[in-house]
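If you want the building blocks of each chain, they are given just below.
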Amino acid sequence: MRTISILIPCYNEQEVLHDLYDRLSMVMRKIDNYNFEVLFINDGSKDRTLDIIKSLRDFDKRISYVDLSRNFGKETAMIAGLDYAKGDAVVILDADLQDPPELISEMIDYWEQGYDDVFAKRRSRAGETWLKKRTAKIFYSLLKKTTKFSVQENTGDFRLLDRRCVEALRQLRESQRYTKGMFSWIGYNKKEILFDRDPRIAGETKWNYLKLFDLAIEGITSFTKAPLRLSTLIGTAVSAFAFIYMIIIIMKTLFWGESVQGYPSLMVVILFLGGIQLISLGLLGEYIGRIFNETKNRPLYFIDEYNDEKINLLGHDKHPVKKGN
Ligand code: UDP
Ligand code: MG
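Since the structure is predicted, the reported quantities are computational estimates derived from the model, not experimental observations.

*Asks:* Teacher, can you tell me more about the overall build of the protein chain here?
*Replies:* The secondary structure content of the protein chain amounts to 10 helices and 9 strands. In summary, the protein chain has a C-alpha radius of gyration of 25 Å against a globular reference of 20 Å for 325 residues, an excess of more than 25%. Residues classed as buried in the protein chain amount to 43% of the 325 residues present. For the protein chain, the share of sequence-separated contacts (at least 6 apart) that also reach a separation of at least 24 residues comes to 83%. Looking at the protein chain as shown, the accessible area adds up to about 17900 Å², and 61% of this sits on carbon and sulfur atoms. Of the charged side chains in the protein chain, 47 are positive and 44 negative; the average position of the first set lies 5 Å away from that of the second.

Here's what the structure looks like:
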């Protein structure tokens, strides 16, 4: 019998875990021709999340957990989960039941038909503000225009991944992760299914606009050099314009003389160019910052506990944590 791992990153989710478990066990009961592993990644929660997971594990051994040494963020929690998941396929699921677990059986059907990455696309996004939908739309259209591979719009991390995809993703060990882009980047056979995204059942979203802006910058700078190209283009255009303008000014001065004036135009040009230069510097900084972070080559995360066992880094090789490249 094949095993399906359900990977659930959790950060301060004490209010939702019991409901989540109830819904999940109902789903698992209906799908009886597979083994299940429910793998919780506790991402440094400060509430009772870990205790609840442990108590669930006490009476259901299908539950495993990885307890990270601190809060690393969802992107890192997911790669930790992929490192530890044992299944022949892995389903990534949010803890807050915004992703209906009932879809899992449909995902498995498509997986059986030979698809490697069955992802759930949001038909609607209930419980999200107009501004959030709008900014998401702008971000996706920017990303789409600037990357060379196709980006999946309006999909989250809710998907079923075949072992092949999991192993591929595990090779991508960059520390500033934009996993949504990676799913597209690795390729393989993809299948889309549609669903209506529910509002969170309890607790609060961990995202604010500043974090989302961060993720957007992450997404763009980790997958495309287009902004650098753009600043080169603007630089070229402005220089060309300045060159032509220079010739015009010289001619004018030669033939008609020049009574010194032009403070406003000088000011405008200086400010405008200064602005462009600062933006380009900032952009360069973004990319150099990424290089800086990646060259440190640190492990992506540390683990405090795996299934009731304290992890000592010396016993590291017992566990499937593996450095890529
Ligand atoms: N999450 C996490 N680490 C974090 C933030 C969030 O593991 O630092 C988990 C969280 O517990 C949830 C999922 O990521 O299972 C999605 O988070 P959330 O619901 O806050 O995001 P939203 O649905 O609003 O995009
Ligand atoms: Mg949510």
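That was the structure; now back to the text.
*Asks:* Would you take a moment to explain the coordination of the magnesium ion (ligand 2) for this structure?
*Replies:* Reference values for angles at a metal are 109.5 degrees in the four-donor tetrahedral case and 90 or 180 degrees in the six-donor octahedral case. Donor atoms from the polypeptide that coordinate the magnesium ion (ligand 2) comprise Asp96 (OD) and Gln98 (OE1), at 1.9 Å from the metal. An identical accessibility class is assigned to Asp96 and Gln98; each is buried.

*Asks:* Help me understand the site of ligand 1, please; the structure alone is not making it clear to me.
*Replies:* In the vicinity of ligand 1 lie 17 residues, with Glu13, Asp43, Asp96, Gln98 and Thr205 positioned nearest. Here a nitrogen atom of ligand 1 sits 2.6 Å away from a polar atom, N or O, in the side chain of Asp43. Computed on the free molecule, ligand 1 has an accessible area of 530 Å², of which 93% lies beneath the protein chains in the complex.

*Asks:* How should the packing of helix α9 (residues 226–256) against helix α10 (residues 263–296) be read in this particular structure?
*Replies:* The geometry of a pair of packed helices is captured by two quantities: the angle between their axes and the separation between those axes. Their axes nearest at 10 Å, the elements α9 and α10 cross at an angle of 155°. The angle between α9 and α10 places the two elements in the roughly antiparallel class. Both α9 and α10 take part in a crossing whose hand is left-handed. Counting all contacts with α9, which are made through Pro227, Leu228, Ser231, Ile234 and Val238, the residues of α10 involved are Phe272, Leu273, Ile276, Ser280, Leu283, Leu284 and Tyr287. Of the residues assigned to the contact of α9 with α10, the class counts are 10 nonpolar, 2 polar and no charged.

*Asks:* Is there a simple way to explain the environment of Tyr287 in this structure?
*Replies:* By the secondary structure assignment, Tyr287 is in helix α10. The class for Tyr287 is buried, based on a relative accessible area of 12%. For the pair Tyr287 and Arg70, spaced 217 residues apart in the sequence, the C-alpha separation amounts to 26 Å. The contacts of Tyr287, once residues within four sequence positions are left out, are Ile220, Thr221, Thr224, Lys225, Pro227 and Leu228.

*Asks:* Got a minute to help me understand the nonpolar core in this structure?
*Replies:* When a protein is soluble and globular, its nonpolar side chains tend to lie buried together. Val66, Leu68, Leu82, Leu161 and Tyr301 are the most contacted members of the largest nonpolar core, which totals 40 residues. Per element, the largest residue contribution to this core is 6 residues, and it comes from helix α3 (residues 74–84). In terms of nonpolar packing, the next biggest core, distinct from the first, is built from 38 residues, Ile6, Leu24, Leu103 and Val118 among them.

*Asks:* Just to check I follow, could you spell out the packing of α3 against helix α6 (residues 163–171) for this structure?
*Replies:* Contact geometry for α3 and α6: axes closest at 10 Å, N-to-C directions at 125°. For the element pair α3 / α6, the angle class is oblique. The two elements α3 and α6 meet at a crossing, and its hand is left-handed. When α3 is examined against α6, the residues Ile79, Leu82 and Asp83 are found in contact with a partner set consisting of Val166, Leu169 and Arg170.

*Asks:* Would you mind going over helix α7 (residues 179–186) with me for this structure?
*Replies:* Along an α-helix, residues three or four positions apart point the same way, because every turn accommodates 3.6 residues. Judged by how many residues are buried, α7 sits mostly within the fold: 7 of 8 residues are covered. Every buried residue belonging to α7 is among Thr179, Lys180, Gly181, Met182, Phe183, Ser184 and Ile186, and all of these are buried. Gly187, located one to two residues past α7, shows a positive phi value of around 80°.

*Asks:* How should I be thinking about the pairing of strand β4 (residues 89–92) in this particular structure?
*Replies:* It is a general feature of regular strands that their side chains alternate between the two faces of the sheet. Here β4 shows a buried face lined by Ala89 and Val91 and a second buried face lined by Val90 and Ile92. As paired elements, strand β1 (residues 3–10) and β4 share 4 bridges and run parallel to each other. Bridge pairing links Ser5 to Val90 in β4. Two strands pair when backbone bridges link them, and β4 and strand β6 (residues 155–162) are joined in this way by 4 bridges, in the antiparallel orientation. Residue pairing across strands places Val90 opposite Leu161, the latter belonging to β6.

*Asks:* It is not clear to me how the pairing of strand β3 (residues 63–68) should be interpreted in this structure. Could you clarify?
*Replies:* Burial runs high along β3: 6 of the 6 residues are buried. Viewed along the sheet, the connection from strand β2 (residues 35–42) through helix α2 (residues 49–59) into β3 turns out right-handed. Relative to strand β8 (residues 303–306), β3 runs antiparallel, the two sharing 3 bridges. Bridge assignment links Leu68 to a residue of β8, and that residue is Ile303.

Reading the values: rules and limits
Throughout, a residue's number is its position along its own chain's written sequence, starting from 1. Going through the entries in the order they are written, you letter the chains from A and number the ligands from 1. Selection of residues for local features in this predicted model requires a pLDDT of at least 70, selection of side-chain atom pairs for listing and counting requires 80 or more, and totals for whole chains, interfaces and linings are taken over all residues. Computation of side-chain values: all heavy atoms of the structure, hydrogens and water removed. Think of it this way: any DSSP run of H or I at least four residues long counts as a helix, any run of E at least two long counts as a strand, and we number them from the N terminus. What the globule rule says is 2.2 Å times the number of residues to the power 0.38, and the radius of gyration is computed from C-alpha atoms. Buried, partly exposed and exposed residues are distinguished by accessible area as a fraction of the type maximum, computed with a 1.4 Å probe on protein chains only: under 20%, between the cut-offs, and over 50%, respectively. Whether two residues are in contact is decided by their heavy atoms, any of which lying within 4.5 Å being enough. Residue burial considers only the protein chains on display, and all accessible areas are found by Shrake-Rupley using a 1.4 Å probe. Charge counting follows a simple rule: Lys and Arg are positive, Asp and Glu are negative, and His as well as the terminal groups are ignored. All charge positions are set by atom: Lys at NZ, Arg at CZ, Asp at CG, Glu at CD. For Na, K and Ca the donor cutoff is 3.2 Å, while for all other metals N, O and S atoms count as donors only within 2.8 Å; water does not appear among the atoms, so some sites may look incomplete. Near is defined per residue: the residue qualifies when any heavy atom it owns lies within 4 Å of the molecule or strand. Counted as a polar contact is a pair of N or O atoms within 3.5 Å, where, for protein atoms, one must be capable of donating a hydrogen and the other of accepting one, and residues adjacent in sequence contribute only when both atoms are in side chains. To define axes, lines are fitted to C-alpha atoms, for helices over the stretch in contact only, and angles between the resulting N-to-C directions are given on a 0 to 180 degree scale. Just so you know how the angles are binned, under 35 degrees is roughly parallel, over 145 roughly antiparallel, 65 to 115 roughly perpendicular, and the rest oblique. When the near helix sits turned anticlockwise from the far one by under a right angle, the crossing is termed left-handed; a clockwise turn instead gives a right-handed crossing. Each residue receives one of three labels: charged for Asp, Glu, Lys and Arg, nonpolar for Ala, Val, Leu, Ile, Met, Phe, Trp, Tyr, Cys and Pro, and polar for the others, Gly being one of them. Put simply, buried Ala, Val, Leu, Ile, Met, Phe, Trp, Tyr and Cys residues joined by side-chain atoms within 4.5 Å make one nonpolar core. Strands qualify as paired when DSSP identifies two bridges or more between them. We call a crossover right-handed when, viewed with the strands running away from us, the connection from the first strand over the helix to the second turns clockwise.

Shape descriptors only; they carry no functional weight alone.
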